[in-house]
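Here is what each chain is made of, one letter per residue.
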Amino acid sequence: MPNVSVNGIVIDDTFAEAFGMRATAIIITAPNRKWARQAAITMTGFATSVIGCGCEAAIDVELPPSATPDGRPGCRVMIFAMGTDELQKQLLNRVGQCVLTSPGSACFAGLEGSAELKLGSALRYFGDGWQISKKIGGRHFWRVPVMDGEFLCEATTGLTKGAVGGGNFFVMAESSAKALVAAEAAVAAIGLVPGAIVPFPGGIARSGSKIGGKYKGMIASANEAYAPTLRGVVRSELGSDINAVLEIVIDGETNDAVAAAMKAGIKAVIELGPKRGAVRISAGNYGGKLGKFIYSLKDMLP
Amino acid sequence: MKALTFTLVAEPPERLDLSPLTPERLAGIERRDIEKIQIGISKHGSEVGDIFRVAGNDPLDIVFEGGSTRLDRVAEGMRGGSVRVVGNAGAQAGRAMRGGTLTIEGNAGPHAGSGMRGGRLEITGNAGDHLGAPLAGELAGMNGGVLIVRGKAGGFAADRMRRGLIAVLKGSGDNAGSRMIAGTLVVAGGSGEMPGYLMRRGSILLDRAPKSLSPSFVECGAPESVFAAIIDRHLIAEGILKRPLLGIAPQKYGGDNAVLGMGEILFPR
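Parameters at a glance
Residues numbered from 1 in each chain as written. Chains lettered and ligands numbered in written order. Predicted model: local features only at pLDDT ≥ 70, side-chain atom pairs only at ≥ 80, totals over all residues. Heavy atoms only, no water. Helix = DSSP H or I, 4+ residues; strand = E, 2+ residues; numbered from the N terminus. Rg over C-alpha atoms; globule rule 2.2 N^0.38 Å. Buried < 20%, exposed > 50% of the residue type's maximum accessible area, 1.4 Å probe, protein only. Contact = heavy atoms within 4.5 Å. Areas by Shrake-Rupley, 256 points an atom, 1.4 Å probe, with all protein chains shown as cover. Lys, Arg positive; Asp, Glu negative; His and termini not counted. Charge placed at Lys NZ, Arg CZ, Asp CG, Glu CD. Domains from an automatic or database assignment. Buried area = accessible area lost by both parts, 1.4 Å probe. Patch = residues over 30% accessible without salt bridge, like charges linked within 9 Å, V, L, I, M, F, W, Y side chains within 5 Å. Salt bridge = Lys/Arg side-chain N within 4 Å of Asp/Glu carboxyl O. Polar contact = N/O pair within 3.5 Å; in protein donor to acceptor, adjacent residues only side chain to side chain. Nonpolar A, V, L, I, M, F, W, Y, C, P; charged D, E, K, R; others polar. 1 Å grid on protein atoms, 1.4 Å probe; cavity = no way out; pocket = protein on both sides within 12 Å on 5 of 7 lines; lining within 4 Å. Points joined across faces, edges and corners; volume = space filled by probe spheres on them. Expected span 1.5 Å × (residues − 1). Axes fitted to C-alpha atoms, helices over the stretch in contact; angles between N-to-C directions. Parallel < 35°, antiparallel > 145°, perpendicular 65-115°, else oblique. Left-handed = near helix turned anticlockwise from the far one by under 90°. Phe/Tyr/Trp six-rings, centres within 6.5 Å; stacked < 30°, edge-to-face > 60°.

J.: Outline the overall build of chain B, listing residues and values.
T.: On a plain count of helices and strands, chain B comes out with four helices and 15 strands. Taking 2.2 N^0.38 as the reference for a compact globule, 269 residues should give roughly 18 Å; the C-alpha atoms of chain B span a radius of gyration of 19 Å, in line with that estimate. Dimensions of chain B, computed from C-alpha atoms along their principal axes, come out at roughly 65 × 35 × 25 Å. In chain B, buried positions account for 57% of the 269 residues. The long-range share in chain B, meaning contacts at least 24 apart out of those at least 6 apart in sequence, stands at 42%. As presented, chain B carries roughly 10900 Å² of accessible surface, and 48% of it is formed by carbon and sulfur atoms. Averaging the coordinates of the 32 positive side-chain charges in chain B and doing the same for the 28 negative ones gives two points 3 Å apart.

Listed below in structure tokens is the structure:
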């Protein structure tokens, strides 16, 4: 099938290729929205890619007081990793250093999964013997004394083995500014999709990579086919009208969540139109041989 | 299947031990044989058929129509199903329950819910002394489950409680939560003298400042408490209370420092 054009934007006849991952989610609450977000943003910092960060994490959705266990504003945070052990390690380090420390915070399970990960049942040792265990309505909480009162933390949270990491699409535009506008529109739309996160800075990656490189030990390196400055030098994927490419990378709790997020993001870019935003949309893959999950762009159109 | 119903014909001539009449112990037994189970504990030796008119056939749904303070050990050790007493119950109702629901639509005698390990026991009237508490010689009292008294409870409610939730909604007698090992005791409507006497760990949640406290309790301030929010919401969601008990920053007293001192008494400021 040839490339199609929707609302003046060229949609490449290609697909995104994604992988199975392990994921968990927690709900962080705080006395107000600002501090719920602060704790969530801090614990999801330096969590853009498993290549160098050990995990990929971001805020999934913000929760109003009516949707949190303690009636305070909150955020649902999702964390993705390649293995259960690494996910457990990242979860405890991040909650221990970034949520436990954040003023007025509390932390709850955000996922019911096939297995459990330790949360409060490990962090409780911060209490040095003064921690209190409470089982309320079938849920187990630990109360750890801290300097502004108590840190309340659910004992465990769920783990899913059915998560998907690496759903993606490329937003390609005539200028950096237009590419950014289009990518921001996509990120805003994906923010409303439950169960999907965009872990890169502000949800956008500008250094989309290929696997390996010419230097020994490089797991990933420049994707020169999409680098506009190398357009005449290498076998480029870019036409003369493209001067900036931004990638939206999506991790989802399920295959469906990733597909829904891609659809929402692509729809937002298409609605923005080629004059203000992108002129072309593509996606990254490895020929379809490595990833278990394939998202064909033509299936993701609004 | 219709609820297995025991209708009280007249006031029993002796105290009765109803522990054989639980869903587990009646499963698969013909009505004719049920009527022959001995429940009287004196020389009368009354059988079920002497005291009750039996109807229905579902042992998972047992109803005692008509109550008496002589009906002891109702639903003792039950593990599932439901037992309902329409009227009063005697001593040790729901003792050592492990699951299911027991509802007493009336008053219960002493040691109701004694040593419960699970399930839900609800008493719409008042409960006697030693609610959920151990019998003489036992080390721990209530060990899990939910025990709700919509009326008043007597003295030593939740004595030596170890796990679970007890809620007393119209006030308790003296020494509520004495010797608590852990768990949660809620008392609305006033708690008598010296709640938490010799408690080691656990939480006693009150709707007002206690009348008196053992001098070995210490004041611990009133920081904001997520636990208070969680338990308030849980009590409302479970239909136990209609409005929040503690609020966001309850006053805390810690104790009893005559023993371990890791317990807490919380009440709204």
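Let's pick the thread back up.
J.: Could you give me a rundown of unusual backbone geometry, with the residues and numbers involved?
T.: Residues and elements named next belong to chain B. Residue Asp256 follows Gly255 across a cis peptide bond; omega there is -5°. Looking at the element boundaries, Asp256 is found in the loop between strand S14 (251-255) and strand S15 (263-267). Positive phi is not limited to glycine here, since Arg73 has a value of about 55°. Take Arg73: it is sitting in the loop between strand S5 (71-72) and strand S6 (82-86). In this structure, Arg160 takes a positive phi of about 55° despite not being glycine.

J.: For the domain arrangement of chain A, give the residues involved together with the corresponding values.
T.: Residues and elements named next belong to chain A. What the domain assignment reports for chain A is domain 1 (4-18 + 163-299) and domain 2 (21-160). Between the C-alpha centres of domain 1 and domain 2 the distance comes to 30 Å. Counting residues at the interface gives 18 residues for domain 1 and 18 residues for domain 2. Counting the surface lost from both domain 1 and domain 2, the interface buries some 1200 Å², and carbon and sulfur atoms represent 63% of this. Interface area lost by domain 1 to domain 2 is led by Ala163, Ile197 and Glu253, which between them contribute 43%.

J.: Could you give an account of a nonpolar patch on the surface, naming the residues involved and the relevant values?
T.: On the surface, A:Ile211, A:Tyr286 and A:Leu290 cluster together into a nonpolar patch covering about 300 Å² of accessible area. For A:Tyr286, a relative accessible area of 35% translates into the label partly exposed.

J.: Give a detailed account of the domain arrangement of chain B, specifying residues and quantitative values.
T.: All names here are of chain B. Here chain B is partitioned into domain 1 (1-61) and domain 2 (73-269). Of note, the centres of domain 1 and domain 2, computed from C-alpha atoms alone, are 30 Å apart. Each partner contributes residues to the interface: domain 1 has nine residues there, and domain 2 has 13 residues. Carbon and sulfur atoms make up 52% of the area that domain 1 and domain 2 hide from each other, which totals about 760 Å². Our count for the contact surface shared by domain 1 and domain 2 stands at one salt bridge. Notably, a salt bridge pairs Arg73 with Asp17, separated by 3.3 Å at the nearest N-O pair. For the pair domain 1 and domain 2, the number of links is six residue pairs in polar contact (both at pLDDT 80 or more).

J.: Describe in detail the interface of chain A and chain B, supporting the description with residues and values.
T.: Listed by partner, the interface residues are 21 residues for chain A and 15 residues for chain B. Together, A:Lys134, A:Ile136 and A:Arg143 form the three largest contributors to the area buried by chain A at its contact with chain B, with a combined 34%. Linking chain A to chain B there are one salt bridge. A:Arg143 is the partner of B:Glu264 in a salt bridge, and the nearest nitrogen-oxygen pair spans 2.7 Å. Our count for the chain A to chain B interface comes out at six residue pairs in polar contact (both at pLDDT 80 or more). When residues of the side of chain A that touches chain B are traced back to their parent elements, those giving at least two are strand S6 (106-109), strand S8 (132-136), strand S9 (139-146) and strand S10 (149-154) of chain A. Looking at the side of chain A that touches chain B, its residues break down into nine nonpolar, six polar and six charged.

J.: Now, about the side chain of A:Ser105: what can you tell me, with residues and values included?
T.: Residues and elements named next belong to chain A. Within the fold, Ser105 resides in the loop between helix H3 (84-99) and S6. For Ser105, a relative accessible area of 3% gives the class buried. Among the polar contacts listed, one links the side chain of Ser105 to the backbone oxygen of Val99, at a separation of 2.5 Å. Among all residues touching Ser105, those that are not within four sequence positions of it are Thr29, Ala30, Arg72, Val99, Leu100, Glu150, Phe151 and Leu152.

J.: Tell me about the layout of surface pockets, and please be specific about residues and values.
T.: Of the volumes computed, that of the largest pocket is approximately 1500 Å³. Contributing to the lining of the largest pocket are 49 residues, with A:Gly208, A:Ser209, A:Lys210, A:Glu247 and A:Tyr286 lying nearest its centre. At the level of secondary structure, the elements contributing two or more residues to the lining of the largest pocket comprise strand S3 (15-29), helix H2 (50-53), strand S11 (156-173), helix H5 (176-190), strand S13 (209-211), strand S14 (220-222) and strand S15 (244-252) of chain A. By residue number, the principal contributor to the lining of the largest pocket is S15(A), which donates five residues. Considered class by class, the residues forming the lining of the largest pocket number 26 nonpolar, 14 polar and nine charged. A domain split of the lining of the largest pocket shows at least three residues from each of domain 1 (4-18 + 163-299) and domain 2 (21-160) of chain A. Approximately 660 Å³ is the volume found for the second largest pocket. Taken together, 30 residues line the second largest pocket, and the ones lying closest to its centre are A:Ser133, A:Lys134, A:Lys135, B:Arg163 and B:Gly183.

J.: Help me get a handle on helix H6 (residues 255-272) of chain A, residues and values and all.
T.: Residue and element names in this part refer to chain A. Relative to the 26 Å expected for 18 residues at 1.5 Å per residue, H6 spans 26 Å between its end C-alpha atoms, a close match to the ideal helical length. When we look at burial in H6, the residues that qualify are Ala257, Val258, Ala259, Ala261, Met262, Ala264, Gly265, Ile266, Ala268, Val269, Ile270 and Leu272. Backbone geometry just downstream of H6 places Gly273 in the positive-phi region, at approximately 85°.

J.: Residues and numbers for the packing of helix H1 (residues 33-43) of chain A against H3(A), please.
T.: Residue and element names in this part refer to chain A. Contact pair H1 / H3: the axes reach a minimum separation of 9 Å and the direction vectors enclose 135°. Taken as axis vectors, H1 and H3 run oblique relative to one another. With respect to the hand of their crossing, H1 and H3 are arranged in right-handed fashion. Contacts between H1 and H3 pair Ala39, Thr42 and Met43 from the former with Arg94, Val95, Cys98 and Val99 from the latter. Within the contact of H1 with H3, the residues separate by chemical class into five nonpolar, one polar and one charged.

J.: How would you sum up the packing of aromatic side chains? Please name residues and give values.
T.: Aromatic ring pairs: the centre-centre distance and the angle between the two ring planes describe each pair. The final tally for this structure, using the stated rule, is seven aromatic pairs over all chains. Measuring from centroid to centroid gives 5.8 Å for A:Phe19 and A:Tyr286, while their planes differ by 50°, and the two rings are tilted. Within this pair, whereas A:Phe19 is found in strand S3, its partner A:Tyr286 is found in the loop between strand S16 (278-282) and strand S17 (293-296), the two being separated by 267 residues in sequence. Owing to a relative accessible area of 26%, A:Phe19 belongs among the partly exposed residues under this scheme. Their ring planes at 20° and their centres at 5.1 Å tell us that B:Phe6 and B:Phe64 sit as a pair that is stacked. Residue B:Phe6 is found in strand S1 (residues 3-8), and its partner B:Phe64 is found in strand S4 (residues 58-65); the two are separated by 58 residues along the sequence. For the residue pair B:Phe6 and B:Phe64, the accessibility class agrees, reading buried in each case.

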